[in-house]
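Chain by chain, the residues run as shown.
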Amino acid sequence: MNIPTNLKYTKDHEWVSIEGDVATVGITHFAQKELGDIVYVEVETLDQTLDKDEVFGTVEAVKTVSDLFLPLSGEIIAFNDSLESAPETVNSDPYGAGWMIKIKISNTSELDSLLSDEAYKELIGA
């Protein structure tokens, strides 16, 4: 199971990369494996400010549709447009080209609620 040590994680299986006050968010290798072949990623919250744990979009796989939960409060400032034509990138490269959104973080104290790679491994039993 691929769980990079340089990222933070959520109990909802999103990963977070922090650079200054901007967070890049995607779903974990575990999540994409559980979902199966991803056929559509929808994010209609671009340029909106949402609270932590609000739904920012959905990911559709062959057998199911799952909500995507915002790991940190803030404004969604970017969406990975390449996922519109190639949603399967989330399966093939979840921690790289398969990123989903970028957030301008509004409450840095929420960073403390994110899981380390070790805590995430424990959560999924890896």
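Predicted model only: the values in this text are computed from it and were never measured.

So, the packing of aromatic side chains
Summed over all chains, the structure comprises two aromatic pairs. Here the aromatic rings of Tyr9 and Tyr120 are separated by 4.8 Å at their centres, their planes lie at 15°, and the arrangement is stacked. Separated by 111 residues along the polypeptide, Tyr9 in strand E1 (residues 8-9) and Tyr120 in helix H4 (residues 117-124) bring together distant segments of the chain. Across this residue pair, the class does not change: Tyr9 and Tyr120 are buried. With a centroid separation of 6.1 Å and an interplanar angle of 55°, the aromatic rings of Trp15 and Tyr95 are classed as tilted. Residue Trp15 is located in strand E2 (residues 14-19), and its partner Tyr95 is located in the loop between helix H3 (89-92) and strand E9 (101-105); the two are separated by 80 residues in the primary sequence. Trp15 gets classed as buried once you look at its relative accessible area, which sits at 2%.

Notes on the UniProt feature "domain: Lipoyl-binding" (unreviewed entry) in the chain
In the UniProt entry, the feature "domain: Lipoyl-binding" (unreviewed entry) is given for residues 22-104. When the span residues 22-104 is considered, its composition is 18% helix and 42% strand, and the gap between its end C-alpha atoms is 5 Å.

Quick word on the UniProt feature "modified residue: N6-lipoyllysine" (unreviewed entry) in the chain
When the UniProt feature table is mapped onto this chain numbering, "modified residue: N6-lipoyllysine" (unreviewed entry) sits at Lys63. With respect to the helices and strands, Lys63 occurs in the loop between strand E6 (55-61) and strand E7 (65-69).

Some thoughts on the nonpolar core
Counting residues in each nonpolar core, the largest one holds 25 residues, and the members touching the most others are Ile27, Val41, Phe56, Met100 and Ile101. Of all elements in the fold, only strand E3 (22-27), helix H1 (29-35), strand E4 (38-42), E6, strand E8 (74-79) and E9 reach the threshold of two or more residues within this core. Residues in contact with Ile27, not counting those within four places in the same chain, are His13, Glu14, Trp15, Gln32, Leu35, Ile38, Leu68, Val90, Pro94 and Met100. Formed by ten residues, the second largest nonpolar core is a distinct cluster that contains Leu7, Tyr9, Phe30 and Tyr95.

A look at the pairing of E8
Direction of pairing for strand E5 (residues 49-50) relative to E8: antiparallel, over a ladder of two bridges. Residue Thr49 lies in a different strand from E8, and its bridge partner there is Glu75.

Here's the deal with the pattern of salt bridges
Enumeration over the complete set of coordinates arrives at four salt bridges. Where Asp21 meets Lys104, a salt bridge forms, and the shortest distance between an N and an O atom there is 2.3 Å. Taken together, the residues span a long stretch of sequence, with Asp21 in the loop between E2 and E3 and Lys104 in strand E9 at a distance of 83 residues. Overall, the relative accessible area of 34% leaves Asp21 in the partly exposed class.

Quick word on the environment of Asn91
Along the chain, the position of Asn91 falls in helix H3. Separated by 64 residues in sequence, Asn91 and Ile27 have C-alpha atoms that sit 9.4 Å apart. Excluding residues within four positions of it along the chain, Asn91 makes contact with Gln32, Gly36, Asp37 and Ile38. In terms of polar contacts, Asn91 uses its side chain to reach the side chain of Gln32, at 2.8 Å.

Criteria and cut-off values
Residues numbered from 1 in each chain as written. Predicted model: local features only at pLDDT ≥ 70, side-chain atom pairs only at ≥ 80, totals over all residues. Heavy atoms only, no water. Phe/Tyr/Trp six-rings, centres within 6.5 Å; stacked < 30°, edge-to-face > 60°. Helix = DSSP H or I, 4+ residues; strand = E, 2+ residues; numbered from the N terminus. Buried < 20%, exposed > 50% of the residue type's maximum accessible area, 1.4 Å probe, protein only. UniProt positions renumbered as here; feature names shortened; annotations may be inferred. Core = buried A, V, L, I, M, F, W, Y, C linked by side-chain atoms within 4.5 Å. Contact = heavy atoms within 4.5 Å. Pairing = 2+ DSSP bridges. Salt bridge = Lys/Arg side-chain N within 4 Å of Asp/Glu carboxyl O. Polar contact = N/O pair within 3.5 Å; in protein donor to acceptor, adjacent residues only side chain to side chain.

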